[in-house]
Structure formats: structure tokens, C-alpha cells
2 protein chains.
Amino acid sequence: MGVTVTSRALDLLGAFDGEHRSLSLTDLARRADLPLATAHRLVGELHRWGALAREPSGEYVIGRRIWQLGLLAPVQSGLRQAASPFLHDLYGATLATVHLAVRDGIEVLYVERLAGHVSVPVVSRVGSRLPMHCTGVGKVLMAHAPEEVRAECLRQLTRVTAYTVTQPARLLDQLRRVRAEGYATTGEEMSLGACSVAVPVRNGADVVAALGIVVPDLRRQLPRLVSALQVAAHGISRTLASVQWK
Amino acid sequence: MGVTVTSRALDLLGAFDGEHRSLSLTDLARRADLPLATAHRLVGELHRWGALAREPSGEYVIGRRIWQLGLLAPVQSGLRQAASPFLHDLYGATLATVHLAVRDGIEVLYVERLAGHVSVPVVSRVGSRLPMHCTGVGKVLMAHAPEEVRAECLRQLTRVTAYTVTQPARLLDQLRRVRAEGYATTGEEMSLGACSVAVPVRNGADVVAALGIVVPDLRRQLPRLVSALQVAAHGISRTLASVQWK
DNA sequence: AAAATTCTTCCACTGGACGGAAGGGGGCCG
DNA sequence: CGGCCCCCTTCCGTCCAGTGGAAGAATTTT
């Protein structure tokens, strides 16, 4: 059941990613591993429907219709909208890069990112994924994930910087503290010069997301940042509860 | 050439909209006008790929993968990212609901919306469309649209409130002034109690988007608002030019 | 417990999908 | 200018994946 028409069309869409935002017909055919004639027909249909658009150059890009559909996804319409005003407040209070993320499998999926004109160099982009063990939001989500997910993560603690925690025991110890104290921190574990603090966002009893900020250094004002984060997280949680999200 | 497999799969996705964010299999089949067995198979494939997700209730919703794809669309990745910091500045300076919109056919497509905790009642949502003749951003986009688009719009000047401009001649006159003065205004033409000001966002010589704000009343501080808008629009234009968007 | 509704699986027929091949168009180089 | 290369588009006979009626399972309602 591997080669259905639908799966081919979807594979064409899947040919696009962060590094390949516009592709020629030939590129699409190559990346989806389809004969040119077949790709031509399918791409034509996708284009007619609005899933793909054509740049002046002739290359194809993801169309507005897909973008509009994406806005209907639950991450977007529920969580993001509930969080939006609180994220702005948080940014205003801290002037740090603000992140909202959810867990997707064993990775962190960034749902929203809010940064000013200048900011600490950060790798995350909205819609991108990162491993959980070396980011603030990731530690929060991992700490509150089901046991089997945590176990799976521990199996691949890849080293990113010299400060990345790669010993399972040590990470588990940190996660225990995250649950106990209600917030997680990292210090240059993902990229040098960037530290982070994060707190869980709840919907009822469940942890549905994590809210975090990235700063150059957090020795001095950690208590203030944690309290600002918790105020925002509580606000989001309350909004989620009131709209009965999910 | 109306009934291809791909078009059916796409129609299933198209069954979702602002009012129907989650649908049961039966609903999907009904809305896409497909036999249940066929819908079942196609939905299964879409689900397997990640285009659809399943709620705890068993209903289907747009999946994260579509959301991620949407983030790659040019509106999103180019325009929105370039605009983001300036929109926050603008919100900070005016505390009004801020809108960024592009033209899509003969309608206004809202690309970004930024509102505080409380705000003037506004109908727009990100990803939604509205007619051009009765919104601030719409008038800006219409004023700078190709002649044939303008003509097409004039053919359907639907009345929304008692203040909506429905006489072609009068609207054309307003548009001429928009081009001359560099900004457009509306007064309760879309919804009562809401006025708006908007300015064009350029990329080189082309008007690629419109930036607008909605306020309860604009008699008093119009000059200040226009200048704040223009500062932001220039900032966005400069950013677009520097990243060679499109 | 019966009835109604929704979801899932099955399978034989058939019409839409397939893709090799050939034909256009534009850009680059010798 | 002509030859070459690359990319896009169209065509058409073959064939297999898609189709959908029907039956059955699962769930909810009456």
C-alpha cells in the first residue's frame, strides 16, 4: 500500500522544508522521486487548488490555501491565540526572546516565537523541531511527558555544545527538580551565549505546552524572570480553561 | 477532468474552514460529497501522513504537518517575519489593533493581526478574507491594484453598515486621494464603532501589502497615527528590500 | 434490547493514473 | 549562427490502483 496517488501528491508537498521553500518542477520530481510527467500532472492539480503557488521565476512555493488551512490546526487556533496577549506582556516585561512550544513525539515543536529587533542568537524557528534535552522548554515538556517518551529521549542525548547534559542520570535528576520547583533552566546547552528559563503551561491538570525565554545570562535576575513566566503561564492556562480547549 | 484522486483528497481538506475546525468522518464525506468508503480510505492516508490529526473525541482536525507547511508559504516566511518587530512597535505606540494584509484576487487576506487583551470589536481573523471596499487596508490595496481588479471590485460594492461606500464614483474618488496622500481611512464602514487608518507597504516600487490599525475614533489624533503607521511601513519595506523578498 | 448512527473491512470491476517518448522554448557557449 | 543542454508541456495505449456497494463491527441513543 505504498504507492497511492494521494501519497504521491503529499510527498510532493513534503518536498518543501525550511531549506527548500521554492522548488522547480524538476526539483520537485527529483525530491519526491517521481517521473517528470507524473509530477507535472500532480503539481498542476495542487496548483489549481491553491496548495502550491508559482513565483514569478516559475518555481513553485507553498500556496496561501495551505497557509490558511494551517491556521485552523489546533496548535494554532487554540493554544497560540490564547497565548498571544500574554506573550506580548512577557516580552514587554523581560525584553527577552519568548518561546511557546509543545511536545511532538520526542522532540520540541516551536509554536510561537517572539523576538525584538535584536536578540540573543537563537536557533529555533516557528514550526521547527529541536531535541528536548538541551532546551528550557524541552526540559519542561520532558519532565511532564509519559514515562516511555522520557525513556526514548534518554537513549539519544546528543551533545550539541560543551555544556549539553548527556548523562541520563544527571538529566533525570534535573527533571525531578523541574517537577518539584516548577521551572527549568539551561546554560549554553544548545548554543553558546544563550541561557533559558521555562515553565509549564497547563490545561486543567495536563501540561500541554511550555513557555520559555532566552537571555544571555540568568544568574542575577532568575527569580524575577521565573515569576514573570509563571504569571504569563497562569494567564494562558486560565484562558485555555475558559475556552475549553480540546 | 473533474474527478481525480488528488482533487478528492484536496476537497476533503477543503471541507475544513473557520466554522468547521473539526469534522467526523461522516461529516467529511458529506461535505466533500464522497461515498463514505472512499472518504474513509483517503482520510486514512491524509491522517497517516500527518495532514489530519485525530482529536480524543475521534473527530478529525487539520494536522501539525499542514501547519508546518503553511509556515513555509511566502506570505508567512517573508512578509510576516519582516513585519513582526515593527508591528509590535506600532502596537506599543498606538495600543490599537494592528493589521497586516495582502490582496488575494479581489479580496483582502489578513496575514497578521495583533491585539491586546481588550480591543475594539473587529471581525477580521488571521487567514480570513474580507471585501476591499470597506476596510482601511482594503482601500489601500485596491488603490494600488491593477485597473481590472479595481473594476471587478466596483461591480460588487456590498453594503455592510449604513456607512459603507457603495457608489463607484465616490469610492474611486477616495482611492485617488489614497494614492495622493499615502493613507486610507474608514469610518464605521465595516462594523459600527470601528474606524481605521492604513498605509501601503512597499517592496521597491510595488505595493505588496497594507498596514492598518483599528480605533474607536480617529478625529483627534489622525496625524499622529498616520505618522506612526508610516514609520512602521517604511521599516518593513526596508527589511523586505534588504532580504530581497520575492 | 432494539434502533439508529458512525466507523471499518472486503472485493470484483473499471476508468483514471501512469510514464515513456516526443515536441516546444529559452539560455549559454563555441 | 548553430548546436547543446536543461526545463517544461503534451500525448496516448496500457494497466493497476481507486472505486463504492454491501456487509459487519462498534458505539450511542431511544
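Notes on the structure follow. This is a predicted model, so every value here is computed, not measured. (Residues numbered from 1 in each chain as written. Chains lettered and ligands numbered in written order. Predicted model: local features only at pLDDT ≥ 70, side-chain atom pairs only at ≥ 80, totals over all residues. Heavy atoms only, no water.)

So, on to the overall build of chain A. A count of helices and strands for chain A gives 9 helices and 9 strands. Based on the C-alpha atoms only, the size of chain A along its principal axes is roughly 60 × 40 × 35 Å. Counting across all 246 residues of chain A, residues that qualify as buried make up 54%. (Helix = DSSP H or I, 4+ residues; strand = E, 2+ residues; numbered from the N terminus. Buried < 20%, exposed > 50% of the residue type's maximum accessible area, 1.4 Å probe, protein only.)

A few words now on helix H8 (residues 168-181) of chain A. In an α-helix there are 3.6 residues to a turn, and that puts residues three or four apart on one side. Over its 14 residues, H8(A) runs 20 Å from end to end, which matches the ideal 20 Å to within 8%, given 1.5 Å per residue. Looking at the buried positions of H8(A), the neighbouring elements they touch are helix H6 (136-143), helix H7 (147-154) and strand E7 (184-187) of chain A. (Expected span 1.5 Å × (residues − 1). Contact = heavy atoms within 4.5 Å.)

Near DNA strand D there are 15 residues, and of these A:Thr4, A:Val5, A:Thr26, B:Arg8 and B:Arg41 occur at the shortest range. Within 4 Å of the protein, atoms of DNA strand D come from sugar and phosphate in 76% of cases. Between A:Thr26 and DNA strand D, the recorded distance is 2.2 Å, taken from a side-chain N or O atom to a phosphate oxygen. Listing elements by their share of the surface near DNA strand D, those giving two or more residues are helix H2 (25-32) and helix H3 (36-49) of chain A together with helix H1 (5-14) and helix H3 (36-49) of chain B. A class-by-class count of the residues in the surface near DNA strand D yields 7 nonpolar, 5 polar and 3 charged. (Near = heavy atom within 4 Å. Polar contact = N/O pair within 3.5 Å; in protein donor to acceptor, adjacent residues only side chain to side chain. Nonpolar A, V, L, I, M, F, W, Y, C, P; charged D, E, K, R; others polar.)

What follows covers the state of the cysteines. Residues and elements named next belong to chain A. Counted by the stated rule, this structure contains 0 disulfides over all chains. Cysteine 134 forms no disulfide, and the closest cysteine sulfur to it belongs to cysteine 153, at a distance of 11 Å. Owing to a relative accessible area of 0%, cysteine 134 belongs among the buried residues under this scheme. (Disulfide = S-S within 2.5 Å.)

Further remarks concern the relation of the copies chain A and chain B. Its rotation angle being 180 degrees, the transformation that places chain A on chain B also includes 0.0 Å of axial translation and leaves an RMSD of 0.1 Å. Such a combination of turn and shift is consistent with a two-fold rotation axis. Interface residue correspondence from chain A to chain B reaches 98%, placing this contact among same-surface, isologous pairings. (Least-squares fit on C-alpha atoms with pLDDT ≥ 70 in both.)

Attention now moves to the sheet that holds strand E4 (residues 97-104) of chain B. Residues and elements named next belong to chain B. Read from one edge to the other, the open sheet built from 6 strands follows the order E6-E5-E4-E9-E8-E7, with strand pairing classed as antiparallel. Unpaired on one side and paired on the other, strand E6 (129-131) and strand E7 (184-187) mark the two borders of the sheet. The mean angle between the axes of side-by-side strands here comes to 35 degrees, regardless of whether they run parallel or antiparallel. Relative to strand E9 (residues 206-215), strand E8 (residues 195-203) is paired through 9 bridges, and the arrangement is antiparallel. (Pairing = 2+ DSSP bridges. Axes fitted to C-alpha atoms, helices over the stretch in contact; angles between N-to-C directions.)

This part covers the protein's contact with DNA strand C. In the vicinity of DNA strand C there are 15 residues, among which A:Thr38, A:Arg41, B:Thr4, B:Val5 and B:Thr26 approach most closely. Looking at DNA strand C alone, sugar and phosphate atoms form 76% of those within 4 Å of the protein. For DNA strand C, a phosphate oxygen lies 2.2 Å from a polar atom in the side chain of B:Thr26. One nitrogen or oxygen atom from the side chain of B:His40 is found 3.4 Å from a phosphate oxygen belonging to DNA strand C. When residues of the surface near DNA strand C are traced back to their parent elements, those giving at least two are helix H1 (5-14) and H3 of chain A together with helix H2 (25-32) and H3 of chain B.

The interface of chain A with chain B comprises 55 residues on the first partner and 54 residues on the second. Regarding the contact of chain A and chain B, the summed buried area is about 4600 Å², with carbon and sulfur atoms giving 64% of it. Among the residues chain A hides against chain B, the three largest losses belong to A:Arg64, A:Trp67 and A:Leu72. Together they make up 17% of the total. Counting across the interface, chain A meets chain B through 2 salt bridges. Taken together, the links from chain A to chain B amount to 9 residue pairs in polar contact (both at pLDDT 80 or more). Of all the elements in the fold, those that place two or more residues in the side of chain A that touches chain B are H1, H3, strand E3 (60-62), helix H4 (64-70), helix H5 (74-94), strand E4 (97-104) and strand E5 (107-114) of chain A. Among the elements that line the side of chain A that touches chain B, the one with the most residues is H5(A), at 10 residues. (Buried area = accessible area lost by both parts, 1.4 Å probe. Salt bridge = Lys/Arg side-chain N within 4 Å of Asp/Glu carboxyl O.)

Let us now look at the environment of A:Val5. Relative to the elements of secondary structure, A:Val5 occurs in helix H1. Its relative accessible area of 33% is what places A:Val5 among the partly exposed residues. Distance from A:Val5 to A:Phe16, taken between C-alpha atoms, is 18 Å for residues 11 residues apart in sequence. When sequence neighbours within four positions are dropped, the list of residues in contact with A:Val5 reads A:Leu42, B:Val5 and B:Thr6.

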